[in-house]
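Chain by chain, the residues run as shown.
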Amino acid sequence: MSVLTFGELLLRLSPPGEERLLESPVLHTFFGGAEANVAVALRHLGVPSSYITRLPEGPLGDAGLDALRREGVAVDRVLRGGFRLGIYFVEPGADLRAMRVVYDRAGSAFSQITPADVDWAAALADAGWLHGTGITPALGDGPATALKDGFAAARERGVTVSLDLNYREALWRGRDPRPLIEPLARQANVLIGNRDAVRAMLGSDANGEELADRFGCRAVAITDREILGPRAHAWSAVLYDSATRAVVRSHRHVVQVVDRVGGGDSFTAGLIAALLADRSPQDAVEFAAAAGALKLGQAGDFGRSTTPEVNRLVETVRCT
């Protein structure tokens, strides 16, 4: 069953090591973006995935498209147009210094997408799952409406819908996201987020069961990242399954972080893969948490862990 994701592809620029932005003449490049990260991680987990975005014509757009193709993501519905690719800068944290993210994405090709640009009926014809995030509605009326239309079209066709709340304070600029996010949550079969995102996007401190009842979701996953030190993070999640009314918690993984970007997206991919495989709630949350933890040990935005690698970590912690 193919999974379709929709969102903005970005070019990421990061200084080497733990240097500050622009202290060095060197910046490492990566392509990423929450929805692209999910599509890539799914492919490495053995799940067919396709991606809809809008890229500018020219070398940067071509390079982004090639990066997705190399990962095995289907890009036949990627749109071309506009004049610039969104960029973001990531300065890794060091010692007491927190990670710093700077966006340069205003006026990007994707931010100028219109609802008429996406043929959802055709895009969903071969898809069994549609995934979107709370980032897209923050980018403008066009992306917000296109995502809303996609969720509605998916539900009409019986396609499973997942929404990762993915709160980005810098993108909302003091705006209240709830009027845009709550209708999307009501369309989602699977809702994903951490406590801060749930509070910011839905105005609630509710647990998974309460959120599932409020929005009519099949499952709600709440992730938990604990910052233990400059490079040490603890990673775990709780999953509520409405069919069994089970609340299950994953193993708490303690990870030496190589790159903290994309851990949540790999968790999401792991959860989608596990639910598509009809794993039990406990097995699903264990698989997803392990996928997210493994990504934290990989450089760049994309998670490339395979199903055998994730299963091996799950079995290892199960035996400890």
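Structure's up top.
What counts, and at which threshold
Residues numbered from 1 in each chain as written. Predicted model: local features only at pLDDT ≥ 70, side-chain atom pairs only at ≥ 80, totals over all residues. Heavy atoms only, no water. Helix = DSSP H or I, 4+ residues; strand = E, 2+ residues; numbered from the N terminus. Rg over C-alpha atoms; globule rule 2.2 N^0.38 Å. Buried < 20%, exposed > 50% of the residue type's maximum accessible area, 1.4 Å probe, protein only. Contact = heavy atoms within 4.5 Å. Areas by Shrake-Rupley, 256 points an atom, 1.4 Å probe, with all protein chains shown as cover. Lys, Arg positive; Asp, Glu negative; His and termini not counted. Charge placed at Lys NZ, Arg CZ, Asp CG, Glu CD. Expected span 1.5 Å × (residues − 1). Arc of directions from axis to C-beta. Salt bridge = Lys/Arg side-chain N within 4 Å of Asp/Glu carboxyl O. Pairing = 2+ DSSP bridges. Right-handed = clockwise from strand over helix to strand, strands pointing away. Axes fitted to C-alpha atoms, helices over the stretch in contact; angles between N-to-C directions.

Chemist: Looking at this structure, I do not really get the overall build of the protein. What am I missing?
Modeler: Along its length, the protein carries 11 helices and 15 strands. Whereas a compact globule of 320 residues would reach a radius of gyration of roughly 20 Å, the protein reaches 18 Å, a difference of no more than 12%. Projected onto its principal axes, the C-alpha coordinates of the protein cover approximately 50 × 50 × 40 Å. Taking all 320 residues of the protein together, 56% fall into the buried category. At a minimum sequence separation of 6, the contacts of the protein that also span at least 24 residues come to 70%. Of the accessible surface of the protein, which amounts to about 13,200 Å², a share of 50% is contributed by carbon and sulfur atoms. Side-chain charges in the protein split into 35 positive and 39 negative, and the spacing between the mean points of these groups amounts to 1 Å.

Chemist: It is not clear to me how helix H2 (residues 59-70) should be interpreted in this structure. Could you clarify?
Modeler: With 12 residues, H2 should cover 16 Å at 1.5 Å per step; its first-to-last C-alpha distance of 16 Å lies within 8% of that length. Within the sequence span of H2, burial applies to Gly61, Gly64, Leu65, Ala67 and Leu68. When H2 is viewed along its axis, its buried side chains cluster within an angular range of 155° and face the same direction. Exposed residues lying more than 90 degrees from the buried face of H2 are Pro59 and Arg70. Phi turns positive, to about 90°, at Gly72, one or two residues after H2.

Chemist: Please explain the side chain of Ser204 as it appears in this structure.
Modeler: Among the secondary structure elements, Ser204 is positioned in the loop between helix H7 (195-202) and helix H8 (208-215). Taking relative accessible area as the criterion, Ser204 reaches 12% and is therefore assigned buried. Leave out the neighbours within four places in its chain, and Ser204 touches Val198, Arg199, Leu211 and Arg214.

Chemist: Looking at this model, I keep getting lost on the pattern of salt bridges. Mind explaining?
Modeler: When the charged atoms of two side chains lie near each other, side chains of opposite charge can form a pair. Evaluation of the coordinates by the stated rule reveals 20 salt bridges. Residue Glu8 pairs with Arg105 through a salt bridge whose shortest N-O separation is 2.8 Å. Of this pair, Glu8 sits in the loop between strand E1 (2-6) and strand E2 (10-14) while Arg105 sits in the loop between strand E8 (100-104) and helix H3 (120-123), placing them 97 residues apart in sequence. Given the relative accessible area of 4%, Glu8 is considered buried.

Chemist: It is not clear to me how the environment of Gly82 should be interpreted in this structure. Could you clarify?
Modeler: The topology assignment puts Gly82 in the loop between strand E6 (79-80) and strand E7 (87-91). Along the primary structure Gly82 and Ser108 are separated by 26 residues, whereas in three dimensions their C-alpha atoms are 7.0 Å apart. Sequence-distant contacts of Gly82, defined by excluding residues within four places in its chain, comprise Arg54, Pro56, Glu57, Ala109 and Gln112.

Chemist: When you look at the pairing of strand E9 (residues 127-133) in this model, what are you seeing that I'm missing?
Modeler: The side chains of a regular strand alternate between both faces of the sheet. Of all seven residues that make up E9, seven are buried, and the element is covered over most of its length. Pairing analysis gives four bridges linking E1 to E9, with the strands arranged parallel. Its bridge partner lying in E9, Ser2 is registered against Ala127. As paired strands, E9 and strand E10 (residues 160-164) are joined by five bridges and run parallel to one another. Of the residues in E10, the one forming a bridge with Gly132 is Leu163. Taken together, E9, helix H4 (residues 141-156) and E10 form a β-α-β motif whose crossover is right-handed.

Chemist: What exactly am I supposed to notice about the sheet that holds E8 here?
Modeler: In sheet architecture, strand pairing relies on hydrogen bonds along the backbone and comes in two forms, parallel and antiparallel. Pairing is mixed across the open sheet formed by four strands, whose spatial order is E3-E2-E7-E8. The open sheet has two edge strands with one neighbour each: strand E3 (28-32) and E8. Shown here is a sheet whose adjacent strand axes are inclined to one another by a mean of 25°, direction ignored. Both E7 and E8 contribute to a ladder of five bridges, which runs antiparallel. Within E8, the residue paired with Ile87 across the bridge is Asp104.

Geometry only, nothing functional implied.
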